[in-house]
2 protein chains.
Amino acid sequence: MITADRNSNDDKFRRKAISVKEGQAKILPYARRIETEYVSLPMVEGRILAEDIKAPHPFPHFRRSGMDGFAIISSDTAGCSTETPVYLEVVDEIPCGSLPSVALSPGTAARIMTGAKVPDEADAVVMFEMTEASAGQGKDYIQLKREIKPGSNITPVGLELAEGDLILEKGRRLSAGEISVLATFGIYDVPVAKRPRVAIFSTGSELLGVEEPLQDGRIRNSNTYMLASQIRNAGGEPHILEAIADDLTTARQKVAEAFALYDVVITTGGVSVGDFDIMADLVSGEDVEMLFNKIMMRPGSVTTAAVKDGKLLFALSGNPGACFVGFELFVRPALGTMLGMKSPFLREFQAELGKDYAKINNFTRFVRGRLDFADGRLIANPAALDESSVMVTIKDSDVLIVVPPSNRGLAAGETVTVLQLPGAR
Amino acid sequence: MITADRNSNDDKFRRKAISVKEGQAKILPYARRIETEYVSLPMVEGRILAEDIKAPHPFPHFRRSGMDGFAIISSDTAGCSTETPVYLEVVDEIPCGSLPSVALSPGTAARIMTGAKVPDEADAVVMFEMTEASAGQGKDYIQLKREIKPGSNITPVGLELAEGDLILEKGRRLSAGEISVLATFGIYDVPVAKRPRVAIFSTGSELLGVEEPLQDGRIRNSNTYMLASQIRNAGGEPHILEAIADDLTTARQKVAEAFALYDVVITTGGVSVGDFDIMADLVSGEDVEMLFNKIMMRPGSVTTAAVKDGKLLFALSGNPGACFVGFELFVRPALGTMLGMKSPFLREFQAELGKDYAKINNFTRFVRGRLDFADGRLIANPAALDESSVMVTIKDSDVLIVVPPSNRGLAAGETVTVLQLPGAR
């Protein structure tokens, strides 16, 4: 059944509503850090780094030429001018990736390419355009007409990073920039947090499989696929299990089996047997500790969390909107904490409400919306349809707009708190 | 070799600098729409939809109860009040997923659960709390003390979507919200654009493999792994090929082979044989049309694009910063266009510069930076190190700040154009 956002059954199921922050605080102690595994560099995209990485060597690790030109000893150019040019003998040529083949002595220079190692004796590189070639006695010379400062066009050792510098903090998500750093320092086997294995049960006899033909009075099971996507996006590994039957004994057994095999268990929808809510019963067994079964929020007030064998169970609403929000506010931070992320919660900031929001609430409402950037300002526009049962506006939302309990609506232009949905754009 | 950002070789390689927008415009005609393939729903995450999807049926497709309560015929409550209550006989019970078993007639009601189909004869649902149960003559009755408006607590057919409504436009990236829609409408085999197959060649004899021990004067090949990550993020399928040797004949042959096997070819770094740039030669063959070989930008001014056999070749700088920017400005839009994305370019908007940027440029500079949200405003902070050779700040950047050619720097507080790097946070 689609669990209604209402209070009528609160007494029957002993529901006591707590705030979102209280709910999150109750969950996190059970979101235990998951093991580390080593993954090869080409496969680490999107994974969460499990250890701090320090620079095994400075970067650059040799004095690098910043130009195509000539490596010189700058003191050779002292007093040099158009009237009194200096001639240096070209004694070496250093392409990228090669080492100098002779030591420079005063009065000599080495032709050098951008990125190549500057000879130890040289302290400057002068670009081709500032030199003139000349030859004599079978030797190559360059003519210089200007004094050159020591250090010119040389990237010093360790400009970007010194040996031992913290280069990547654990808990960081690995993307192009981090992968570049790992490759630069030769870290091919990368320590990352294992992906938490998350079981998804859908419940409710009204649900059709996605491939089944439509039937009157029944809807297709869309929440399990939506949740699988959210789990993947949050760094977990989704496992869609068979729907739970409308029978308490079977449901208990299936959930117990899932706890043995997976790190986290999610159900979506209630399980109705007449008016009886099997999920409420499931989370009230002797071996299960109920963390909360009502949150002061809309949608998703019946969002439930419990612990069994030290593992988290989330019972999310069957309403698509409420299921989506319940995941983002409670399951995502749990997975992020298990992965060791520094900021497991949705990014929170202030924005300007783009249009009036008339609905009034006794609970805090998390309204799907879209974040726009206009003239350097952040504008959050609530979706037209935001009922908990509405599915179609999830795809157009990249934020949740936090509307506090209020007996009046909000007007366009008011400042609102906004939670950013990751990966939405 | 690491290609220098300089003008000295412009004449030799016949470089004529054009603007970024001109460069992008030259590329897009060759970014041809890639074929469609069908992918099953659990695997479509992040793929690009290849066809418009229209609703095969209205949603909801039946009149849905928004409450746990009783379905009634509202005219039965005309004139009803505390003094003159109405009694309705409860003749049916409709759990979620079930159909009404008897037709309602005036004076009767059906017990109904949230989400269940409302009987055709009923035009309102009244919540449990507004009724009182009573019984008589072996029958169940509810007592009502208020008039009920037609339509109460019934979600009409098609509230969210009518049959034939465009529900998902082609070119859209598929994430949790879209997947929910596809599941709801029973679309299990989803038409998506094939991932363009992109070959990556690194070039330059100074490059060590990531797993090789460090050597003096040489650096590890980090750009190919960075590019593989960027390609994946842009919707392509990266294929890292063997490094190209410093030999024009072999290089030509390898690149020709790659064009036969892949949709797009990227090289990073030049290929130096003495002062000779093999990449410049490669893109000037008879069977290759050079699109541009110099862009009025920093970093990455030597970014080159060419067409062979109708396929795009990008020769990106070997400098990490320049390689990264060259990909984001030219390769990403090409891949996005091949995938049929509506907005293949980086998202562009205005922000406030967070701190002074002193560097002056004759070309437009794309400065790596970080976007912050503060008091409802967008603040773009340039990275401390943004030279084209600098690798370490890529990982901390989620925007490119566009600094136009200028003989003065920019001051904190000035409005700047910003390009958002996707997937960075």
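Calculation rules
Residues numbered from 1 in each chain as written. Chains lettered and ligands numbered in written order. Predicted model: local features only at pLDDT ≥ 70, side-chain atom pairs only at ≥ 80, totals over all residues. Heavy atoms only, no water. Helix = DSSP H or I, 4+ residues; strand = E, 2+ residues; numbered from the N terminus. Rg over C-alpha atoms; globule rule 2.2 N^0.38 Å. Contact = heavy atoms within 4.5 Å. Areas by Shrake-Rupley, 256 points an atom, 1.4 Å probe, with all protein chains shown as cover. Lys, Arg positive; Asp, Glu negative; His and termini not counted. Charge placed at Lys NZ, Arg CZ, Asp CG, Glu CD. Buried < 20%, exposed > 50% of the residue type's maximum accessible area, 1.4 Å probe, protein only. Polar contact = N/O pair within 3.5 Å; in protein donor to acceptor, adjacent residues only side chain to side chain. Pairing = 2+ DSSP bridges. Axes fitted to C-alpha atoms, helices over the stretch in contact; angles between N-to-C directions. Disulfide = S-S within 2.5 Å. Buried area = accessible area lost by both parts, 1.4 Å probe. Salt bridge = Lys/Arg side-chain N within 4 Å of Asp/Glu carboxyl O. Nonpolar A, V, L, I, M, F, W, Y, C, P; charged D, E, K, R; others polar. Least-squares fit on C-alpha atoms with pLDDT ≥ 70 in both. Parallel < 35°, antiparallel > 145°, perpendicular 65-115°, else oblique. Left-handed = near helix turned anticlockwise from the far one by under 90°. Expected span 1.5 Å × (residues − 1). Bend = angle between axes of the 7 residues up to and from the residue. Domains from an automatic or database assignment.

### Here's the deal with the overall build of chain A
Part 1 of the reasoning: Counting its secondary structure elements, chain A contains six helices and 28 strands.
Part 2 of the reasoning: Scaling as 2.2 N^0.38, a compact globule of 425 residues should have a C-alpha radius of gyration of about 22 Å, whereas chain A reaches 32 Å, well beyond that.
Part 3 of the reasoning: Structurally, chain A occupies a C-alpha span of about 105 × 50 × 40 Å along its principal axes.
Part 4 of the reasoning: Here the contacts in chain A between residues at least 6 apart in sequence split such that 72% fall between residues at least 24 apart.
Part 5 of the reasoning: Total accessible area computed for chain A in this model is approximately 16,500 Å², and 50% of it derives from carbon and sulfur atoms.
Part 6 of the reasoning: Between the averaged position of the 46 positive side-chain charges in chain A and that of its 56 negative side-chain charges there is a distance of 6 Å.

### A short note on the side chain of Asn361(B)
Residues and elements named next belong to chain B.
Part 1 of the reasoning: In this structure, Asn361 sits in the loop between strand 24 (347-353) and strand 25 (364-374).
Part 2 of the reasoning: For Asn361, a relative accessible area of 8% gives the class buried.
Part 3 of the reasoning: Of the polar contacts made by the side chain of Asn361, one reaches the side chain of Arg365; its length is 2.5 Å.

### Some details on the sheet that holds strand 4 (residues 69-72) of chain A
Residues and elements named next belong to chain A.
Part 1 of the reasoning: Taken together, six strands build an open sheet; the order of strands is 7-4-6-5-9-8 and the sheet is mixed. Single-partner strands in this sheet number two, and they are strand 7 (124-127) and strand 8 (131-136). Each neighbouring strand pair of the sheet contributes to a mean axis angle of 40 degrees, computed without reference to strand direction.
Part 2 of the reasoning: Alignment of strand 8 against strand 9 (residues 139-144), held across six bridges, turns out to be antiparallel.

### So, the environment of Val331(B)
Residues and elements named next belong to chain B.
Part 1 of the reasoning: In this structure, Val331 sits in helix 6 (residues 320-338).
Part 2 of the reasoning: Between the C-alpha atom of Val331 and that of Ile27, which follows or precedes it by 304 residues, the distance is 8.9 Å.
Part 3 of the reasoning: Non-local contacts of Val331, meaning those with residues more than four positions away in its chain, are made with Ile266, Phe314, Leu316 and Gly326.

### Some thoughts on the environment of Leu346(B)
All names here are of chain B.
Part 1 of the reasoning: Looking at where Leu346 falls in the secondary structure, it is placed in the loop between helix 6 and strand 24.
Part 2 of the reasoning: For the pair formed by Leu346 and Arg332, sequence separation is 14 residues and the distance between their alpha carbons is 8.3 Å.
Part 3 of the reasoning: In contact with Leu346, not counting residues within four places along its chain, are Glu328, Leu329, Arg332, Leu400, Leu419, Gln420, Leu421 and Pro422.

### Quick look at the state of the cysteines
Covalent bonding between the sulfur atoms of two cysteines defines a disulfide.
Part 1 of the reasoning: For the structure on display, the rule yields zero disulfides over all chains.
Part 2 of the reasoning: You can see Cys323(B) has no disulfide; the closest cysteine sulfur is in Cys96(A), sitting 15 Å from it.
Part 3 of the reasoning: Its relative accessible area of 0% is what places Cys323(B) among the buried residues.

### Let's talk about the interface of chain A and chain B
Part 1 of the reasoning: Counting residues at the interface gives 86 residues for chain A and 85 residues for chain B.
Part 2 of the reasoning: Taking both sides of the interface into account, the surface hidden between chain A and chain B amounts to around 7,700 Å²; carbon and sulfur atoms contribute 60%.
Part 3 of the reasoning: The largest share of the area that chain A buries against chain B comes from Phe373(A), Met391(A) and Lys395(A), three residues that together contribute 9% of it.
Part 4 of the reasoning: The tally of links from chain A across to chain B stands at six salt bridges.
Part 5 of the reasoning: The partner of Asp216(B) in a salt bridge is Lys117(A), and the shortest N-O contact between them spans 2.5 Å.
Part 6 of the reasoning: At the surface where chain A touches chain B, the tally comes to 30 residue pairs in polar contact (both at pLDDT 80 or more).
Part 7 of the reasoning: Going through the elements one at a time, strand 11 (166-168), helix 2 (176-184), strand 15 (219-220), helix 3 (223-233), strand 24 (347-353), strand 25 (364-374) and strand 26 (377-382) of chain A are the ones with two or more residues in the side of chain A that touches chain B.
Part 8 of the reasoning: In terms of residues, the side of chain A that touches chain B owes the most to one element, helix 2 of chain A, which gives eight residues.
Part 9 of the reasoning: In terms of residue class, the side of chain A that touches chain B is built from 37 nonpolar, 25 polar and 24 charged.

### Quick word on the relation of the copies chain A and chain B
Part 1 of the reasoning: For the pair chain A and chain B, the relating rotation is 180 degrees, the translation along its axis is 0.1 Å, and the fit reaches an RMSD of 0.1 Å. Taken together, the rotation and translation describe the operation of a two-fold axis. In terms of C-alpha distance to the rotation axis, chain A has Arg377(A) as its closest residue, with the C-alpha 2.2 Å off the axis.
Part 2 of the reasoning: With an isologous cut-off of 70% or more, the 99% of interface residues of chain A that recur at the interface of chain B puts this contact in the isologous class.

### Concerning the sheet that holds strand 8 (residues 131-136) of chain B
All names here are of chain B.
Part 1 of the reasoning: What the six strands build is an open sheet, ordered 7-4-6-5-9-8; its pairing is mixed. Both outer strands of the open sheet, strand 7 (124-127) and strand 8, are each paired with one neighbouring strand and no more. Averaged over all adjacent pairs, the angle separating strand axes in this sheet is 40 degrees, with direction ignored.
Part 2 of the reasoning: Summarising the sheet, strand 4 (residues 69-72) and strand 7 pair through four bridges and their orientation is antiparallel. Of the residues in strand 7, the one forming a bridge with Ala71 is Val125.

### What to know about the packing of helix 3 (residues 223-233) of chain B against helix 6 of chain B
All names here are of chain B.
Part 1 of the reasoning: Following both chains from N to C, one finds helix 3 and helix 6 inclined at 30 degrees, their axes separated by 10 Å at the closest point. Between helix 3 and helix 6, the crossing angle belongs to the class labelled roughly parallel. Taken as a pair, helix 3 and helix 6 cross one another with a handedness that is right-handed. Residue-level contacts link Asn223, Met226, Leu227, Gln230, Ile231 and Asn233 of helix 3 to Pro320, Cys323, Phe324, Phe327, Glu328, Arg332 and Leu335 of helix 6.
Part 2 of the reasoning: Here the contact of helix 3 with helix 6 is composed, by residue class, of eight nonpolar, three polar and two charged.

### Some words on helix 6 (residues 320-338) of chain A
Residues and elements named next belong to chain A.
Part 1 of the reasoning: Between its terminal C-alpha atoms helix 6 stretches 25 Å, which fits the 27 Å expected from 19 residues at 1.5 Å a residue.
Part 2 of the reasoning: Along its length, helix 6 reaches its greatest deviation from straightness, about 40 degrees, at Phe327.
Part 3 of the reasoning: Counting buried positions over the 19 residues of helix 6 gives 18, a clear majority of the element.
Part 4 of the reasoning: Two residues or fewer after helix 6 comes Gly340, characterised by a positive phi angle close to 80 degrees.

### Focus: the domain arrangement of chain A
Part 1 of the reasoning: Looking at chain A, the domain boundaries give domain 1 (20-34 + 195-338), domain 2 (37-54 + 169-193), domain 3 (64-155) and domain 4 (347-420).
Part 2 of the reasoning: On a C-alpha basis, the centres of domain 3 of chain A and domain 4 of chain A stand 63 Å from each other.

### Some thoughts on the pattern of salt bridges
Part 1 of the reasoning: Overall, the coordinates contain 32 salt bridges over all chains when judged by the stated rule.
Part 2 of the reasoning: Between Glu93(A) and Arg111(A) there is a salt bridge, with its nearest N and O atoms 4.0 Å apart. A residue pair is termed long-range when its members are at least 10 positions apart, and Glu93(A) in strand 5 (residues 86-94) and Arg111(A) in strand 6 (residues 108-112) qualify at 18 residues.
Part 3 of the reasoning: One salt-bridge network, in which partners are shared between bridges, spans Glu169(A), Arg172(A), Glu178(A), Lys395(B) and Asp396(B).

### Section: unusual backbone geometry
Part 1 of the reasoning: For the bond running from Phe59(A) to Pro60(A), omega is -5 degrees, close enough to zero to count as cis.
Part 2 of the reasoning: Cis geometry marks the peptide bond from Arg298(B) to Pro299(B), where omega comes out at -10 degrees.
Part 3 of the reasoning: For Pro299(B), the location among the structural elements is in the loop between strand 21 (297-298) and strand 22 (304-308).
Part 4 of the reasoning: For Asn153(A), which is not glycine, the phi dihedral falls at a positive 55 degrees.
Part 5 of the reasoning: In this fold, Asn153(A) is placed in the loop between strand 9 and strand 10 (154-155).
Part 6 of the reasoning: Owing to a relative accessible area of 31%, Asn153(A) belongs among the partly exposed residues under this scheme.
Part 7 of the reasoning: The backbone of Asp375(A) sits at a positive phi, close to 50 degrees, despite the residue not being glycine.
Part 8 of the reasoning: Relative to the helices and strands, Asp375(A) is located in the loop between strand 25 and strand 26.
Part 9 of the reasoning: Asp375(A) sits in the exposed class, given a relative accessible area of 68%.

### Comments concerning the side chain of Ser74(B)
Part 1 of the reasoning: Its location among the elements puts Ser74(B) in the loop between strand 4 and strand 5 (86-94).
Part 2 of the reasoning: Setting aside residues no more than four positions away along its own chain, Ser74(B) makes contact with Asp123(B), Ala124(B), Ile148(B), Lys149(B) and Pro150(B).

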